[in-house]
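# Survey of secondary and tertiary structure
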Amino acid sequence: MQRLRYYLRIYFLIETQYIKSKMQYRDDFIISGIGMVFSSLTTIAVFWVLLASIPDLAGWNFDQLVFIYAFYMLAISPFQILFDHFWQLRFHVIEGTFIKYYFRPLNMMFYYVSEMFDIKGVVQFVLGIAMFIYASIRLGVVWNLPQVLLLLVTMISAALVTISIMVIAACTSFWIYNSYPVLDLARRLREFSPYPMTIFDGFFKLMFTYIIPIGFVAFYPAQIFLNTGSNSTAVYLSPLIGAATFALAYWVWMKGVNGYTGTGS
Amino acid sequence: MALIEIEHLSKHFKLLNRREGLKGAFLDLFSGNYRTVKAVDDISFSIDEGEIVGYIGPNGAGKSTTIKMMTGILQPTEGKILINGIEPYSNRISNARRMGVVFGQRTQLWWDLPVIESFKILKEIYAVDDQTYRQQMALFEDLIGLKKLYPVQVRTMSLGQRMLCDIAASFLHQPKVVFLDEPTIGLDVSVKARIRDVIRELNRTQNITIILTTHDLGDIEALCQRIIIIDKGKLLFDGPVQRVNQLFGVYRTFKAQIFDYNDTTLDRLKALVQDRFADPDAVHVEENENFWTDIIINQEKAPLREVLNLVMSKFELEDIRIVEISMENVVQKIYDGALL
């Protein structure tokens, strides 16, 4: 508990400084904020047009699909905000700058994560909330306390799944020279997650449910709130899958960290 | 008990024997043909509290591998390291709490933040109490005038300023040992001198052990009482700096670019100096690249002035330089038995 307080204090200290310093580059902050609004809006627009032109997708109507998509946007925001620099891990590993993370008396993943706070991700998060509220109202989803708690648990699990998949992909840079294709593949796979898993055939459905569990980023957990009455058992596995994938990601990270030899001086 | 104890330490890396060409590269994909490289090979030494030890050797000698083992990044293949009674690799965090590190050009301060914020963050990370913090910051103000740098972002600092801040930061939590890797690399002479003064003062006032790796013999001369030299992973010398000082203190390399250089020039030059200085260790001539010739002079046996006059009386020189002996030459001299 004391350890947790220690880490939280350091985390908030570093993050507030970071945000403060980021805001000092006012132009950059405003422009990238606007950029993120537009890029999120275009993605949403494409999705919107696509769905609006078909009456339903594998039995899911437009509002339900928006709900799932909003869930997806919220679930990927923590990665975007806190872990986005895992894309850069490969440069630290190749150039040897990664060794500095060994020198502080801190958990190394914590130290690495503490150096990131992407404000653009916050924009995405806010848009996600707006869509989520819109879809909830249209679908008449009831938000009482148990539902909200359930939402928090499933949302955190979903976020952990996205984070874990990207962390594992990034950690391949400890063993291979160019991990970009792996990260890129992971991102592309992740982009399947706002679609109903039922549109995929057997093989992909199995893979997205049990092997690379992107089904748990949005589709399965979102169903809990949609009351479709056809929830498969996979839906309730969500928290378990979140914890398990993160444990696996942390294990892979530690493997990489413990075997890293750095570059010659 | 000594602060740092290293016994029969070795680190081996397994490397794939690569074959040539595209076909070779393809075959390598399935090859189990590894060779073992002994980056550090059976090294033992111990270091007491408060010492400044120069840990030196040519490139690829195994210096940074040893440092990486002492800082807990690498696991030794054989042998053991104890720092403060702790084994660094399996106790990285507790070891890190009592250690400071400055790694050459790479700062560990928070790049985008004003430097004072880095110190505040470090205060929290190392749980430095308020009184110690104030006292250390006052000391840094005395030594490097830190206060005027407080609002400066680390990324906008000059290399010298940043290095001073990095060094100060590594001493903030009063660690038991600080590792300084090439602290003066790339800096001009006056800044080098300043950094050496700061390091010396910090060591003196805080009684903190310092392990210094450097290529700059000036750093060694200015700071170390003791040096450990390694080469090809093996311990070559461990002792007081004075003994080695004689080695690099008396030698000078007179570099000359001789006008109208041809095939016979080198032989004529060799004959000329041998004629005057019979002792083979007094003056040694060797060819260098781009028509430069190195004349390595032992000043105890051959006064620099005499050698210069002799050479200039017989040869026309386009350009000259006089430099101190290099690390590689020191190591070579030791191999040749200079310290025996």
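Relevant structure appears above.
Structure report, in brief. Nothing here was measured: the structure is a model prediction, and the numbers come from that model. (Residues numbered from 1 in each chain as written. Chains lettered and ligands numbered in written order. Predicted model: local features only at pLDDT ≥ 70, side-chain atom pairs only at ≥ 80, totals over all residues. Heavy atoms only, no water.)

Going through the model one piece at a time under the given rule, you end up with 41 aromatic pairs over all chains. Clustering of aromatic rings is evident, with ring pairs tying together Phe-83, Phe-86, Phe-98, Tyr-101, Tyr-102, Tyr-111, Tyr-112, Phe-174, Trp-175, Trp-253 and Tyr-260 of chain A together with Trp-110 of chain B. The aromatic ring of Tyr-34 of chain B is capped on one face by Lys-14 of chain B, whose charged end is 5.1 Å from the ring centroid. Across the ring face of Trp-292 of chain B, the terminal group of Arg-321 of chain B is positioned such that the distance to the ring centre comes to 5.1 Å. (Phe/Tyr/Trp six-rings, centres within 6.5 Å; stacked < 30°, edge-to-face > 60°. Lys NZ or Arg CZ within 6 Å of the ring centre and 35° of its normal.)

In this section: the interface of chain B and chain A. Each partner contributes to the interface: chain B provides 29 residues, whereas chain A provides 33 residues. Of the roughly 2900 Å² buried where chain B meets chain A, counting both sides, 57% is carbon and sulfur surface. Across the salt bridge formed by Glu-124 of chain B and Arg-9 of chain A, the nearest N and O atoms sit 2.8 Å from each other. At the junction of chain B and chain A, the tally comes to 12 residue pairs in polar contact (both at pLDDT 80 or more). Put simply, the parts of the chain that give the side of chain B that touches chain A at least two residues each are helix H2 (63-70), helix H3 (92-97), strand S5 (99-103) and helix H4 (115-125) of chain B. Considered class by class, the residues forming the side of chain B that touches chain A number 15 nonpolar, five polar and nine charged. (Contact = heavy atoms within 4.5 Å. Buried area = accessible area lost by both parts, 1.4 Å probe. Salt bridge = Lys/Arg side-chain N within 4 Å of Asp/Glu carboxyl O. Polar contact = N/O pair within 3.5 Å; in protein donor to acceptor, adjacent residues only side chain to side chain. Helix = DSSP H or I, 4+ residues; strand = E, 2+ residues; numbered from the N terminus. Nonpolar A, V, L, I, M, F, W, Y, C, P; charged D, E, K, R; others polar.)

Residue and element names in this part refer to chain A. One can describe the packing of helix H2 (residues 26-52) onto helix H6 (residues 119-139) by two numbers: an axis separation of 9 Å at closest approach and a directional angle of 35°. Here the hand of the crossing between H2 and H6 comes out right-handed. Between H2 and H6, the residues in contact are Phe-29, Ser-32, Gly-33, Met-36, Val-37, Ser-40, Leu-41, Ile-44 and Trp-48 and Ile-119, Lys-120, Val-123, Gln-124, Leu-127, Met-131 and Tyr-134, respectively. For the contact of H2 with H6, the per-class residue count stands at 11 nonpolar, four polar and one charged. (Axes fitted to C-alpha atoms, helices over the stretch in contact; angles between N-to-C directions. Left-handed = near helix turned anticlockwise from the far one by under 90°.)

Residues and elements named next belong to chain B. Between its terminal C-alpha atoms helix H6 (residues 159-171) stretches 19 Å, which fits the 18 Å expected from 13 residues at 1.5 Å a residue. Residues Gly-160, Arg-162, Met-163, Leu-164, Cys-165, Asp-166, Ile-167, Ala-168, Ala-169, Ser-170 and Phe-171 constitute the buried set of H6. Tucked inside the fold, the buried residues of H6 contact S5, H4, helix H5 (130-144), strand S6 (177-181), helix H7 (189-206) and strand S7 (209-213). (Expected span 1.5 Å × (residues − 1). Buried < 20%, exposed > 50% of the residue type's maximum accessible area, 1.4 Å probe, protein only.)

For the rest of this paragraph, the subject is the sheet that holds strand S1 (residues 4-16) of chain B. Residue and element names in this part refer to chain B. The strand order S2-S1-S4 describes an open sheet built from three strands, whose pairing is antiparallel. Each end of this open sheet is capped by a strand with a single partner; those strands are strand S2 (34-47) and strand S4 (78-83). Adjacent strand axes in the sheet meet at a mean angle of 30° when their direction is disregarded. Here H2 sits on the sheet and contacts S1, S2 and S4; the angle it forms with S1, its principal contact strand, is near 115°. (Pairing = 2+ DSSP bridges.)

Residues and elements named next belong to chain B. If you trace the four strands from one edge of the open sheet to the other, you get S11-S12-S10-S13, paired in antiparallel fashion. This sheet does not close on itself; its edge strands, each paired only once, are strand S11 (283-287) and strand S13 (317-324). Adjacent strand axes in the sheet meet at a mean angle of 20° when their direction is disregarded. Note: strand S10 (residues 251-258) against strand S12 (residues 292-298), seven bridges, orientation antiparallel. If you follow Tyr-251 over to S12, its bridge partner there is Asn-298. Across the sheet, helix H9 (residues 241-250) lies against S10 and S12, angled at about 20° from S10, the strand it touches most.

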